[in-house]
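Chains, contacts and geometry: an overview
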Amino acid sequence: MLRSIRWRIGLSYALLILASIAGLGVYLSNFVRQNYLSNLEAQLTSEVLLASEIVQDQILSGATAEELDILAQRWAEKLGARLTIIAADGIVIGESDEDRLQMDNHLTRPEIVQAEQDGKGISTRYSRTVGDYLMYVAVPVKSDIATIAFVRIALPLGHVEDQISSLQRTLLTATLLIILAAILLAFILTRFSLQPLRDLTFAATQIATGKLDAVRLGSPLTHIPNDEINQLTASFKNMAVQLKTQLEALETERSKMAAVLRVMSDGVMIVDNEGMVRLMNPAAEAIFDIRLGEATGHSVAEVLRHHQLFELWQRCHELDSVQTATVDLAPRHLHLQVTATPLDSSLPGYILLLFQNLTRLRRLETIRQDFISNISHELRTPLASLKALTETLSESALEDPPAARRFLQRMETEVDSLSQMVTELLELSRIESGRVPLQLSPVVPLELVHQAVERLRLQAERVNLTVQITCPEDLPAVLADAKRLEQVLVNLLHNAIKFTPPGGRIEVRARQQENQVLFTIQDSGVGIPAIDLPRIFERFYKADRARSGGGTGLGLAISRHLVEAHGGKIWAESVEGQGSSFNFFIPMAVDEPND
Ligand code: ADP
């Protein structure tokens, strides 16, 4: 209950009111009592003085005790008080209310002692005879020479206390009513004053749980503009807006950073000063074959699993300087350039590891080197034989015209092969770099196959080979550049003729497979060793150099590029010694809808 401000304020008011009214009550009670007693004292004094004069006359005139009793009773009736006449020796000689014979000697009564000394005695005390508090006022009765008696008047104080109790009751009732009103007022006041505070508490809780959008502070409910709570609410609103703006800015920055890290091709990793991975982007996860987000919180050694990389991190950590290394990750044949940079200014002890995957670059470099060595090798043979032929010719053969003619023919063959190689290389480079635009149009496969076979029929017949065509007449057209597709067929047929011994068979087939046409050139030739089969489409690759004769090793590479440029696929199947079959798909032309 006391935890609520409303109750604390209400109870404080109540206690304050209670304390002040209690103080007031005590003061008033005393004041009233004193006032009453001093009035009473004055009244009783004047009455007793009056009575004393009569008593003096009576005693001096020799009145008996019985007569004094009657006198006391008469006066007591008049004054509404008790009257006692006491002889100078303390014996009661006249009494209005009690049996005087039963009464003690009164000489030691405080009021009598004081009256004898001072001429007037006052005492307030409990009377066992009456059973109440009484105020006694006594005066001496004097003859000319000495005190002859005392007259004492007494009045019970019971109704004084009745009056004070009634006053206290009134005060108590008023106090209770005021306390109730104060508590009610405190409740009403705090209810209105505390509403903005409750709003603030709710808003602060929302902010703490990250629900910044839910912060809605209504207009302040207190009607005093610019009071402390209104100022606090305004500052709080301002703070919430600022916080929201800053959080949004931070979130935008974070998203940008996350997007950059997500899409960047280089691997990024941040390791803390304890050697724990704090961040790893998807590229780094792919390099180390780690599932998304799993590296965070693991040790760098556990994640990298490579001593060279771990040592690089350690070196960077110990020397606090940038470290670089090139590393080969054996199982996946990855070639990495790794840079470890300390992030000392922003995050002391943290290290950023950057992994650049150079595998592709390295492969390209190897291909380039292979290409140069292949081309040099291919050029060297015809050039060497041309050199030998010219030397022989210039030295001796010119004198022998038939030999000179033979030499010249051989030189022509070498020059032809050189120029064919250059033509094919140019062609390949143009196709590879996409500088040969395809003129695509629907082409009837049967016509195409016929044309290619006709171009090489003579060559085939010369070495006694039979060429057979198997192609349904209604085979749908393919979408192709007719000239280029014929070039592919001629290349493959040419190889089949070249690698099939005399008397062999060559079959050219075309058939539909789903929405593509499959072309097959099958021969009964020498076949291709299984080890070479996956590589024969590479540039300059020759399966059996001894038997491949004057070929350049570029024909299949050109064919593969052309088929792929058509959106198709080419592959070879072969069993060494039994023949080969080269297959490729070309997509069918989709019929234009007739309007
Ligand atoms: P080449 O000009 O040497 O024929 P290709 O690229 O056309 O160059 O062929 C590459 C190699 O593939 C050839 O040297 C040969 O070893 C092999 N090859 C191609 N076609 C056949 C085939 N039909 N039968 C056997 N081997 C073949």
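Every value quoted in this text rests on a predicted model; they were computed, and no experiment measured them.

**Structural notes on the overall build of the chain**
When you go through the chain residue by residue, the secondary structure sums to 13 helices and 17 strands. Here the C-alpha atoms of the chain give a radius of gyration of 65 Å, more than 25% beyond the 25 Å that 2.2 N^0.38 yields for 595 residues. For the chain, the spread of C-alpha atoms along the principal axes amounts to about 210 × 70 × 45 Å. Burial analysis of the chain (595 residues in total) assigns 38% to the buried set. Partitioning the intrachain contacts of the chain with sequence separation of at least 6 by distance along the chain shows that 57% fall at a separation of at least 24.

**Here's the deal with the site of the ligand**
As a structural note, the neighbourhood of the ligand is formed by 21 residues, with Asn495, Lys498, Asp523, Ala543 and Leu556 the closest of them. Between an oxygen atom of the ligand and a side-chain N or O atom of lysine 498, the distance comes to 2.9 Å. With respect to the ligand, the backbone of glycine 553 contributes an N or O atom lying 3.1 Å from an oxygen atom. Protein contacts shield 96% of the accessible area of the ligand, which totals 530 Å² for the unbound molecule. For the shell around the ligand, the secondary-structure elements that each account for two or more residues are α12 (482-498), α13 (555-565) and β17 (579-587). Here the shell around the ligand takes 3 residues from α12, the largest share from any one element. Partitioning the shell around the ligand into residue classes produces 9 nonpolar, 8 polar and 4 charged.

**Side note on the pattern of salt bridges**
When their charged atoms lie close together, side chains carrying opposite charge are able to pair. All told, the structure shown has 21 salt bridges when counted by the stated rule. Between arginine 125 and glutamate 111 there is a salt bridge, and its shortest N-O distance comes to 2.6 Å. Here arginine 125, found in strand β3 (residues 121-127), pairs with glutamate 111, found in helix α3 (residues 110-118); they are 14 residues apart in sequence, far enough to count as distant. Here arginine 125 matches glutamate 111 in class, with each residue buried. A salt bridge links glutamate 251 to arginine 254; the shortest N-O distance between them is 3.3 Å. Here glutamate 251 and its partner arginine 254 are both found in helix α5 (residues 228-263), 3 residues apart, which amounts to about one turn of the helix. One network of salt bridges, with partners in common, ties together Glu66, Asp69 and Arg100.

**Digging into the confidence of the model for the chain**
When pLDDT is averaged along the chain, the result is 87; 95% of the residues meet or exceed 70. By mean pLDDT, helix α4 (residues 158-208) is the weakest element of the chain at 80, and strand β15 (residues 516-523) is the strongest at 97. Taken as a whole, residues 219-223 scores under 50 in pLDDT and shows 9 contacts with residues more than four places along the chain or in a different chain.

**Focus: the side chain of threonine 45**
Relative to the elements of secondary structure, threonine 45 occurs in helix α1 (residues 5-60). A distance of 2.5 Å separates the side chain of threonine 45 from the backbone oxygen of glutamate 41, its partner in a polar contact. Among the polar contacts made by the side chain of threonine 45, one reaches the side chain of lysine 120 at a distance of 3.5 Å. Residues in contact with threonine 45, not counting those within four places in the same chain, are Lys120 and Val137.

**Quick look at α5**
Each α-helix turn comprises 3.6 residues. Residues three or four places apart therefore point the same way. For α5, spanning 36 residues, the distance from its first C-alpha to its last is 52 Å, which sits close to the expected 52 Å at 1.5 Å a residue. Packed against the buried residues of α5 are α4, β6 (267-271), β7 (277-280) and α6 (282-287).

**Topic: helix α10 (residues 401-432)**
Its 32 residues give α10 an end-to-end C-alpha distance of 46 Å, which sits within 8% of 46 Å, the value for a rise of 1.5 Å per residue. Positive phi shows up at glycine 434, right after α10, with a value of about 75 degrees.

**Details of the environment of glycine 293**
Of note, glycine 293 is situated in the loop between α6 and α7 (300-304). Under the relative-accessibility criterion, glycine 293 is labelled partly exposed at 47%. Distance from glycine 293 to arginine 278, taken between C-alpha atoms, is 10.0 Å for residues 15 residues apart in sequence.

**Points about unusual backbone geometry**
Although it is not a glycine, aspartate 320 sits at a positive phi angle of roughly 55 degrees. Positionally, aspartate 320 belongs in the loop between α8 (307-319) and β8 (323-329).

**Examining the sheet that holds β6**
In a beta sheet, neighbouring strands are held together by backbone hydrogen bonds and run either parallel or antiparallel to one another. Strand order in the open sheet formed by 5 strands is β7-β6-β10-β9-β8, and the pairing between neighbours is antiparallel. The open sheet has two edge strands with one neighbour each: β7 and β8. Here the strands of the sheet are splayed against their neighbours by 20 degrees on average, with no regard to which way each runs. Looking at chain direction, β6 and β7 are connected through 3 bridges and run antiparallel. Across the sheet, the residue bridging to valine 271 is valine 277, located in β7. Here α8 sits on the sheet in contact with β6, β8, β9 (334-342) and β10 (351-357), set at roughly 170 degrees to β8.

Here is what the cut-offs are and how they apply
- Residues numbered from 1 in each chain as written.
- Predicted model: local features only at pLDDT ≥ 70, side-chain atom pairs only at ≥ 80, totals over all residues.
- Heavy atoms only, no water.
- Helix = DSSP H or I, 4+ residues; strand = E, 2+ residues; numbered from the N terminus.
- Rg over C-alpha atoms; globule rule 2.2 N^0.38 Å.
- Buried < 20%, exposed > 50% of the residue type's maximum accessible area, 1.4 Å probe, protein only.
- Contact = heavy atoms within 4.5 Å.
- Near = heavy atom within 4 Å.
- Polar contact = N/O pair within 3.5 Å; in protein donor to acceptor, adjacent residues only side chain to side chain.
- Areas by Shrake-Rupley, 256 points an atom, 1.4 Å probe, with all protein chains shown as cover.
- Nonpolar A, V, L, I, M, F, W, Y, C, P; charged D, E, K, R; others polar.
- Salt bridge = Lys/Arg side-chain N within 4 Å of Asp/Glu carboxyl O.
- pLDDT = per-residue confidence, 0-100.
- Expected span 1.5 Å × (residues − 1).
- Pairing = 2+ DSSP bridges.
- Axes fitted to C-alpha atoms, helices over the stretch in contact; angles between N-to-C directions.

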